[in-house]
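Overview (structure and organization)
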Amino acid sequence: MAAAEDASRPFAGLSDVSISEDIPVEGDISVPLGSSRRDDEFSTLDEPVKETILRDLRAVGNKFIHVLYPKRSSSLLRDWDLWGPLLLCVTLALLLQGGAADSDDQGGPQFAEVFVIVWFGSIIITLNSKLLGGTISFFQSLCVLGYCIMPLTVAMAVCRVVLLSGSGTVSFAVRLAVVTASFGWSTFASTAFLADSQPPNRKALVVYPVFLFYFVIGWMILTFSP
Amino acid sequence: MASTSDPFQFKEFEEAGNLLEANRDATTISIEDEDVKPHKQRNAAGFAADEDGDTLGNDDQEELLSGQKKSVPFWTFEYYQKFFDIEAIDVKERIVGSVLPWPGKNFIHSHLRRNPDLYGPFWICTTLVFAIAISGNISTFLTQFGNPKYKYTPEFRKVTIAATAIFSYAWFVPLALWGLLLWRNNKVMNLVSYSFMEIVCVYGYSLSIYIPAVVLWILPFEWLRWCSIVVALCLSGSVLALTFWPAVRDDHPKVIIAIMSAIVLLNVLLAVGCKAYFFSSPSQRMPVHSSPPTDAVKTP
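This is a predicted model, so every value here is computed, not measured.

1. Describing the overall build of chain B
Regarding its fold elements, chain B presents 13 helices and 0 strands. In chain B, the order of α-helices and β-strands from amino to carboxyl end is α-α-α-α-α-α-α-α-α-α-α-α-α. Sequence-distant contacts, at least 24 apart, represent 75% of the contacts inside chain B between residues at least 6 apart. Total accessible area computed for chain B in this model is approximately 17400 Å², and 66% of it derives from carbon and sulfur atoms.

Here's what the structure looks like:
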């Protein structure tokens, strides 16, 4: 009993506590300054929209430069994004339009067909690489394959410019040279990124589908006739 | 009085390891740290209980030790990964083996050796599809080179048609053949039986001879096209015949003839059909294009 009284004594004085109206309950609920600064670095809600868009555009542009000068670097793999491949695919599909438009259905590839070939082909090559035991992830591989279409898109733009001046044998020879060079560049650039993720005795098995993929895209570009 | 070889005695790890080396197929019991005490008690209770309780966990160890493949359900990724367990040298060897038939050498036994792969059939079929479409396009362009009425079109629709034809040949014919062989196996006891994947593999690799043949068909010479088609048919047909001969030779003679001729006939149909559809000869195209201008001239 004495123990019980002792136990209740620390709380004894609280039984008559009441909050009177003349004690103001007020304060500042703002977070202290130190932690709010850290939050601002990670939260992007407050920055202007232009800044958000420019950050992504800078990342995409950075990867374009990496494709132009393909060194064995891992930045394309580390921060993968699919904006660049989407931009390139849409540009390529748009540039391949307007060819043989007045003919029947035996014409050039439609917009959707280019999309299907590029994305479906990339997915199949990625699955192939993963089934062969590659260490690269699904989206990283899609990112690399999509970005390495850039030389072929540039070649398509050059081909359209060359075709403006006529479609004889000379223009065909020029277009053939440009497309062949860009096809070689694309294949070389993508294998520079993808080759490291495979064991050495299967590298050829992974490179061949990439070769076939860019060959088919190069063929679509070469056979474009206005 | 407990003897030294008392099976219920808990053995030290090294002894168990030595026992394992002596008999690789023995059931092993993996004892983790937190389970030592219960395991010891269960050990005393009897080996049988341990085996039943631990076989599921020991499956991996057992199979790894006995060198067999794990059986995983077919909806997982790993199931398909075992069909890509192949190296570049193996693929090259298999392609060469499918092109050069050697009497007495069975493609499945000498090259596949219980490791059929899906890489070869899939990519050979894809390459063949694009090769047919591109070569057909080039050959049409070459035959119409001097013709001013001809407007060049890339003809991408033909890729879809080629893909349908080649992939259905490479998948449905093996399916039918496998079903047929299975059915005959029930009637007649055959020494040799092939799995579905092995048959798909043989058919896929046997299409590889057509890739150079199709490229040769670009040149608009009929005699060259017919020569190359005959050579390709002989090579791929004989590879298929030599492969399936051991599986049917114990059967009724009429059934043997029926199966073998069906294999060869389907092969011929595919080759000739592709040639006829995608590669037109020069004489066929000219009259079609020259008629519309005369109509245009007549109408005032």
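There is more to say after this.
2. Looking at the overall build of chain A
Each helix and strand in chain A was counted, giving 10 helices and 0 strands. Helices and strands in chain A line up, N terminus first, as α-α-α-α-α-α-α-α-α-α. The burial tally for chain A puts 38% of its 226 residues in the buried class. Taking contacts inside chain A between residues at least 6 apart in sequence as the whole, the part at least 24 apart equals 76%. For chain A, the exposed area adds up to about 13200 Å²; of that, 67% sits on carbon and sulfur atoms.

3. Observations concerning the environment of L270 of chain B
All names here are of chain B. Positionally, L270 belongs in helix 12 (residues 253–278). Judged by its relative accessible area of 13%, L270 is buried. Taking C-alpha positions, L270 is 7.8 Å from Y169, a pair spaced 101 residues apart along the chain. Those residues in contact with L270 that lie beyond four places of it in its chain are A165, Y169 and L207.

4. What about the UniProt feature "transmembrane region" (unreviewed entry) in chain B?
Residues and elements named next belong to chain B. UniProt tags residues 118–139, 159–183, 195–217, 223–248 and 255–278 as "transmembrane region" (unreviewed entry). Secondary structure over residues 195–217 splits into 78% helix and 0% strand, and the C-alpha atoms at its two ends are 35 Å apart. Secondary structure content for residues 223–248 is 100% helix and 0% strand, while the C-alpha to C-alpha distance between its ends is 36 Å.

5. As for the packing of helix 7 (residues 119–143) of chain B against helix 8 (residues 157–187) of chain B
All names here are of chain B. Closest axis-to-axis distance for the helix 7/helix 8 pair is 9 Å, and the angle between their directions is 145 degrees. When the axes of helix 7 and helix 8 are compared, the crossing they make is right-handed. Of the residues in helix 8, those touching helix 7 at F122, C125, T126, L128, V129, F130, I132 and A133 are V159, A162, A163, I166, F167 and A170. Across the contact of helix 7 with helix 8, the residue classes break down as 13 nonpolar, 1 polar and no charged.

6. Describing helix 8 (residues 150–164) of chain A
Residue and element names in this part refer to chain A. With 15 residues, helix 8 should cover 21 Å at 1.5 Å per step; its first-to-last C-alpha distance of 22 Å lies within 8% of that length. Turning to helix 8, its buried residues number three or more, namely M150, P151, L152, T153, A155, M156, C159, V162 and L163. In this structure, the buried side of helix 8 is in contact with helix 3 (49–68), helix 5 (83–95), helix 7 (138–147), helix 9 (169–194) and helix 10 (203–222).

7. A word on the interface of chain B and chain A
Each partner contributes to the interface: chain B provides 26 residues, whereas chain A provides 31 residues. Looking at the side of chain B facing chain A, the largest losses of area belong to W123, F156 and R157 of chain B, adding up to 25% of the total buried there. At the junction of chain B and chain A, the tally comes to 1 salt bridge. As a salt-bridge pair, R202 of chain A and D85 of chain B come within 3.0 Å of each other at their nearest N and O atoms.

8. Quick word on the UniProt feature "transmembrane region" (unreviewed entry) in chain A
Residue and element names in this part refer to chain A. The UniProt record marks residues 80–99, 111–132, 144–166, 172–194 and 206–225 with the feature "transmembrane region" (unreviewed entry), using the residue numbering of this structure. Secondary structure across residues 144–166 comprises 83% helix and 0% strand; the distance between its end C-alpha atoms is 35 Å. Helix makes up 100% of residues 172–194 and strand 0%, with an end-to-end C-alpha separation of 32 Å.

9. Some remarks on the packing of helix 5 of chain A against helix 8 of chain A
Residue and element names in this part refer to chain A. Contact geometry for helix 5 and helix 8: axes closest at 10 Å, N-to-C directions at 25 degrees. Comparing the axis directions of helix 5 and helix 8 gives the class roughly parallel. Handedness of the crossing formed by helix 5 with helix 8: left-handed. Along its contact with helix 5, which presents L88, T91, L92, L94 and L95, the element helix 8 presents M150, L152, T153, M156, A157 and R160. The class makeup of the residues in the contact of helix 5 with helix 8 is 8 nonpolar, 2 polar and 1 charged.

10. A look at the nonpolar core
Y214 and I217 of chain A together with Y203, L207 and F244 of chain B are the most contacted members of the largest nonpolar core, which has 104 residues in total. No other element matches helix 10 of chain A, which puts 11 residues into this core. Apart from the residues lying within four places of it in its own chain, the contact partners of Y203 of chain B are Y169, V173, P174, L177, L240, F244 and I263 of chain B.

The rules behind each value
Residues numbered from 1 in each chain as written. Chains lettered and ligands numbered in written order. Predicted model: local features only at pLDDT ≥ 70, side-chain atom pairs only at ≥ 80, totals over all residues. Heavy atoms only, no water. Helix = DSSP H or I, 4+ residues; strand = E, 2+ residues; numbered from the N terminus. Contact = heavy atoms within 4.5 Å. Areas by Shrake-Rupley, 256 points an atom, 1.4 Å probe, with all protein chains shown as cover. Buried < 20%, exposed > 50% of the residue type's maximum accessible area, 1.4 Å probe, protein only. UniProt positions renumbered as here; feature names shortened; annotations may be inferred. Axes fitted to C-alpha atoms, helices over the stretch in contact; angles between N-to-C directions. Left-handed = near helix turned anticlockwise from the far one by under 90°. Nonpolar A, V, L, I, M, F, W, Y, C, P; charged D, E, K, R; others polar. Expected span 1.5 Å × (residues − 1). Buried area = accessible area lost by both parts, 1.4 Å probe. Salt bridge = Lys/Arg side-chain N within 4 Å of Asp/Glu carboxyl O. Parallel < 35°, antiparallel > 145°, perpendicular 65-115°, else oblique. Core = buried A, V, L, I, M, F, W, Y, C linked by side-chain atoms within 4.5 Å.

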